[in-house]
Amino acid sequence: MARADKAGLSSSVIKKIRMCVSAPYAWAERSLGLAVVSPTLGLVYKVKEKKTTRRDRIIKDEDLARFLEASDRTKYRVYFRLLATTGLRPSEGLGVQAKDLEGGTLHIRRAITRREFSDLKTSTARRDIPLTSEMASLLYEQRRMTLFQTKEGWLFLSGGGAPSMKSVESCFRRCLRLPRFTKEAGIITSKNSQ
C-alpha cells in the first residue's frame, strides 16, 4: 500500500487494491470454512491528502479591461462585451438572434455549443436579461450590421455564416496573444514564446 501511495495512486485506487487482496481470503473463510487470515486485516492505512491548487474563477477588473481592449478590433468585440456585462454562458451568447432583442431586454432561448445547436443547459436558463443602455445600443448596432446575412438572423456570425464556437475560441486565443494584453499581464517571457 505504501508503494501504491508513493506511485501517486489515488485513495480510491488504493482501496480497490486492498479489496482485491482481502476478498479471496474473506471468500475462503466464509464459503469454504477455512481458517485463513487476510494480510490486510487490521491494517489501517491513511492516504495523505494531496494539495490541490485552486484557481480563481473571477476575472480581475484590470484583466477584463485589458482583454476587452485587445478584442476591440475583432468581429467578436460585442460578443465578448455581452458575456462580460451579463454573465451569459458562451454558448448562450453565441445563440442570440436578432429577434431576441426587444427594447432593453435580451431573451435567452437557445445555445450553440462546440458541436451543434443545443437546448439550454438547465430549465431556468430560458430567461430575459435587462440590458444597460450601452450594451443595448451595441447589440442593436450588431443587429443592424448582421440582420440580412442569414435567414435565422444570427448576431455573431463566423466566416462560414452560421455561428461557430471554434471561431470564437480562435478569436479569444488571438486576443490573449496580442502584445498589449500579454506584456502587461507578464505572460510573455521571451521572444520565442510569442
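Overview of the structure. (Residues numbered from 1 in each chain as written. Predicted model: local features only at pLDDT ≥ 70, side-chain atom pairs only at ≥ 80, totals over all residues. Heavy atoms only, no water.)

**Brief notes about the overall build of the chain**
Heads up, the rule is: Strands here mean DSSP runs of E at least two residues long; helices mean DSSP runs of H or I at least four residues long; both are numbered from the N terminus. When a residue's accessible area, from a 1.4 Å probe over protein chains only, is under 20% of the maximum for its type it is buried; when over 50% it is exposed; and in between it is partly exposed. Two residues form a contact once any of their heavy atoms are found within 4.5 Å. Using a 1.4 Å probe, accessible areas were evaluated by the Shrake-Rupley method; residue-level cover was limited to the displayed protein chains.
When its secondary structure is counted, the chain shows eight helices and five strands. Ordered by position in the sequence, the α and β elements of the chain form the string α-α-α-α-α-β-β-β-β-β-α-α-α. Per-residue burial for the chain yields a buried fraction of 30% across its 194 residues. Taking the contacts inside the chain whose residues are at least 6 apart along the sequence as the reference set, 54% of them involve residues at least 24 apart. In the structure as shown, the chain presents an accessible area of about 13,800 Å², 53% of it carried by carbon and sulfur atoms.

**Describing the packing of aromatic side chains**
Aromatic ring pairs are described here by two measures, namely the spacing of the ring centres and the angle between the planes. We count it as follows: When two rings of Phe, Tyr or Trp (its six-membered ring) have centres within 6.5 Å they constitute a pair, described as stacked for plane angles under 30 degrees, edge-to-face for angles over 60, and tilted for the intermediate range.
In total, this model carries six aromatic pairs according to the counting rule given. Residues F67 and F172 carry aromatic rings whose centres are separated by 5.1 Å and whose planes lie at 50 degrees to one another, so their mutual orientation is tilted. With F67 in helix α3 (residues 61-70) and F172 in helix α7 (residues 165-177), this pair connects stretches of sequence that are 105 residues apart. Relative accessible area serves as the criterion here: at 37%, F172 is assigned to the partly exposed category. Taken together, a centroid distance of 6.2 Å and an interplanar angle of 50 degrees make the contact between F80 and F172 tilted. Here F80 is found in helix α4 (residues 77-86), whereas its partner F172 is found in helix α7, with 92 residues between them in sequence. Members of the aromatic cluster, each reached through a chain of ring pairs, are F67, Y76, Y79, F80, F156 and F172.

**Details of the nonpolar core**
Under the convention used in this document: Think of a nonpolar core as a cluster: buried Ala, Val, Leu, Ile, Met, Phe, Trp, Tyr and Cys residues, connected wherever their side-chain atoms sit within 4.5 Å.
Ranked by size, the top nonpolar core spans 34 residues in total, and within it Y79, F80, L82, L106, L131, L139 and F156 carry the most contacts. Sort the elements by how many residues they give to this core and α4 lands first, with five residues. Here L106 is in contact with L82, L88, V96, D100, L101, R127, D128, I129, L131 and L139, once residues within four sequence places are set aside.

**Points about a positive patch on the surface**
Put simply, the rule is: Patches were defined on residues exceeding 30% relative accessible area and lacking a salt bridge, with like-charge contacts within 9 Å and nonpolar side-chain contacts (Val, Leu, Ile, Met, Phe, Trp, Tyr) within 5 Å. Salt bridge, as used here, is a side-chain nitrogen of Lys or Arg placed within 4 Å of a carboxyl oxygen of Asp or Glu. Charged residues are defined narrowly, with Lys and Arg counted positive, Asp and Glu counted negative, and His plus the chain ends left uncounted. The location of each charge is read from NZ of Lys, CZ of Arg, CG of Asp or CD of Glu.
Judged by side-chain charge, K75, R173, R174 and R177 come together as a positively charged surface patch. R173 sits in the partly exposed class, given a relative accessible area of 43%.

**Focus on the pattern of salt bridges**
For the coordinates displayed, the defined rule picks out eight salt bridges. With its nearest N and O atoms 2.5 Å apart, the salt bridge here joins D100 to R110. With D100 in the loop between α5 (90-94) and β1 (101-102) and R110 in the loop between β2 (105-108) and β3 (111-112), this residue pair connects regions lying 10 residues apart in the sequence. The class for R110 is buried, based on a relative accessible area of 17%. Between E141 and R144 there is a salt bridge; the shortest N-O distance is 2.5 Å. Highlighted residues: E141 and R144, both in helix α6 (residues 133-146), separated by three residues, approximately one helical turn. The exposure class of R144 is exposed, given its relative accessible area of 57%.

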